[in-house]
Amino acid sequence: MHLRSLVAASALLLLPVLAHADSFTYNLNDHFAGFSVTGTITTDTDSGVVGTGDITGYNLLLNDGISTLTLMTGDAVVVVGNSLTATGSGLFFNFDNTASDLLAIQHPILGTGTNYLCYQGVDSGCDFTNGAHEAIFIGTNGQQVESRSGNQQIASMANTEVPEPESMVLLGTGLVGLVGRVRRRLVG
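Each value, and the rule that gives it
Residues numbered from 1 in each chain as written. Predicted model: local features only at pLDDT ≥ 70, side-chain atom pairs only at ≥ 80, totals over all residues. Heavy atoms only, no water. Core = buried A, V, L, I, M, F, W, Y, C linked by side-chain atoms within 4.5 Å. Buried < 20%, exposed > 50% of the residue type's maximum accessible area, 1.4 Å probe, protein only. Contact = heavy atoms within 4.5 Å. Pairing = 2+ DSSP bridges. Helix = DSSP H or I, 4+ residues; strand = E, 2+ residues; numbered from the N terminus. Axes fitted to C-alpha atoms, helices over the stretch in contact; angles between N-to-C directions. Phe/Tyr/Trp six-rings, centres within 6.5 Å; stacked < 30°, edge-to-face > 60°. pLDDT = per-residue confidence, 0-100. 1 Å grid on protein atoms, 1.4 Å probe; cavity = no way out; pocket = protein on both sides within 12 Å on 5 of 7 lines; lining within 4 Å. Points joined across faces, edges and corners; volume = space filled by probe spheres on them. Disulfide = S-S within 2.5 Å. Polar contact = N/O pair within 3.5 Å; in protein donor to acceptor, adjacent residues only side chain to side chain.

K.L.:
I'd love a proper account of the nonpolar core, names of residues and values included.
P.N.:
In terms of nonpolar packing, the biggest core is built from 29 residues, with Ile55 and Leu103 touching the most fellow members. Dropping the residues within four chain positions of it, isoleucine 55 is found in contact with Ile41, Thr42, Thr43, Val50, Val77, Val79, Leu84 and Leu103.

Put into structure tokens, the structure is as follows:
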């Protein structure tokens, strides 16, 4: 009976680690003359094109020099096109894309015209006048824009040490084996 309890407890301890194995957090830290954006974006992928459904969380502080705004998971997010990509080292946005690609996060809903962070390619997306850029807009303070070009890294992989699922399974099976050996000594 004690063996079953120990195995069950070990399994329960491993489940949270295994559940978060496909979560990747990226640090965003942009500072321009007119504004800054800092915080994190979490995705369920670290390779290839990132779509709206791949962004699982975010906590971003926008500062336009007058006001600040925090965009958090639950605010509206949309990714259009294939300009947003992920790698093991970071998130990248291709500002040279001419297909109206964008990444926009807005509070509380999309389309309100304010309270947003936007990355857009050459051909519109968040606005039709500024070309490829990163922009924020807080309240009535007006849009702050930084022109961008090329495939730019917009966030870097956070330095979080997450054990690989295989390592945790190996640890769990080792614990089960150790418990079995102890049990044999006690019974035999």
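K.L.:
Before we move on, can you summarise the sheet that holds strand β12 (residues 143–147) with the specific residues and values?
P.N.:
What the five strands build is an open sheet, ordered β6-β9-β10-β11-β12; its pairing is antiparallel. Two strands lie at the open edges of the sheet, namely β6 (76–80) and β12, each paired on one side alone. Going across the sheet, the axis of each strand differs from the next one's by a mean of 10°, ignoring polarity. Here strand β10 (residues 116–120) pairs with strand β11 (residues 133–137) via five bridges, running antiparallel. Pairing of tyrosine 116 across the sheet is with phenylalanine 137, part of β11.

K.L.:
Describe the packing of aromatic side chains, and please don't skip the residues or the numbers.
P.N.:
What the rule picks out here adds up to five aromatic pairs. Relative to tyrosine 119, the ring of phenylalanine 93 lies with its centre 6.1 Å away and its plane at 35°, an arrangement referred to as tilted. On the criterion of sequence distance, the pair formed by phenylalanine 93 in strand β8 (residues 90–94) and tyrosine 119 in strand β10 is long-range, its members being 26 residues apart. A relative accessible area of 1% means that phenylalanine 93 is categorised as buried. The class for tyrosine 119 is buried, based on a relative accessible area of 0%. Counting every residue linked through ring pairs, the aromatic cluster contains Phe93, Phe95 and Tyr119.

K.L.:
Give me the lowdown on the confidence of the model for the chain, citing residues and values where you can.
P.N.:
This prediction gives the chain a mean pLDDT of 85; 74% of its residues lie at or above 70. Counting contacts from residues 6–20, a segment whose pLDDT is below 50, to residues more than four positions away or on other chains yields 10 contacts.

K.L.:
Which residues make up the layout of surface pockets, and what are the values?
P.N.:
Of the volumes computed, that of the second largest pocket is approximately 160 Å³. For the lining of the second largest pocket, the element with the highest residue contribution is strand β9 (residues 102–106), accounting for three residues.

K.L.:
Explain the pairing of strand β4 (residues 55–63) to me, using residue names and the numbers behind them.
P.N.:
For a regular strand, the rule is simple: side chains alternate between the two faces of the sheet. Where strand β2 (residues 36–43) and β4 come together, eight bridges link them in antiparallel fashion. Bridging from a neighbouring strand, glycine 39 pairs with leucine 60 of β4. Remark: four residues form the turn of the hairpin made by β4 and strand β5 (residues 68–72), two consecutive strands paired antiparallel; glycine 65 in that turn has positive phi of roughly 90°.

K.L.:
Could you give an account of the sheet that holds strand β13 (residues 151–157), naming the residues involved and the relevant values?
P.N.:
The eight strands lie next to each other as β3-β7-β8-β13-β1-β2-β4-β5, forming an open sheet whose pairing is antiparallel. Sheet topology places β3 (48–49) and β5 at the edges, where each strand pairs with a single neighbour.

K.L.:
Describe the state of the cysteines, and please don't skip the residues or the numbers.
P.N.:
Taken as a whole and assessed by the stated rule, the structure comprises one disulfide. Here cysteine 118 pairs with cysteine 126 through a disulfide, and the sulfurs are 1.6 Å apart. Because the torsion about its S-S bond is 90°, the bridge between cysteine 118 and cysteine 126 counts as right-handed.

K.L.:
Tell me about the side chain of asparagine 97, residues and numbers included.
P.N.:
Among the structural elements, asparagine 97 can be located in the loop between β8 and β9. Separated by 3.2 Å, the side chains of asparagine 97 and asparagine 82 make a polar contact. A polar side-chain atom of asparagine 97 sits 3.0 Å from a polar atom in the side chain of serine 83.

K.L.:
Could you give an account of the side chain of arginine 148, with specific residues and numbers?
P.N.:
With respect to the element layout, arginine 148 can be found in the loop between β12 and β13. Of the residues examined, arginine 148 reaches a relative accessible area of 14% and is grouped as buried. Excluding its chain neighbours within four sequence positions, the residues that come into contact with arginine 148 are Asp30, Phe32, Phe95, Ala132, His133, Glu134 and Gln153.

K.L.:
Any chance you could break down the environment of glutamine 120 for me, citing the residues and the numbers?
P.N.:
Tracing the backbone shows glutamine 120 in strand β10. Glutamine 120 sits in the buried class, given a relative accessible area of 0%. Residues glutamine 120 and serine 147, spaced 27 residues apart in sequence, show a C-alpha to C-alpha distance of 9.8 Å. Beyond its immediate sequence surroundings of up to four residues, glutamine 120 is in contact with Phe93, Phe95, Asp101, Leu102, Gly125, Cys126, Asp127, Gly131, Ala132 and His133. One polar contact links the side chain of glutamine 120 to the main-chain amide nitrogen of cysteine 126, over a distance of 2.7 Å.

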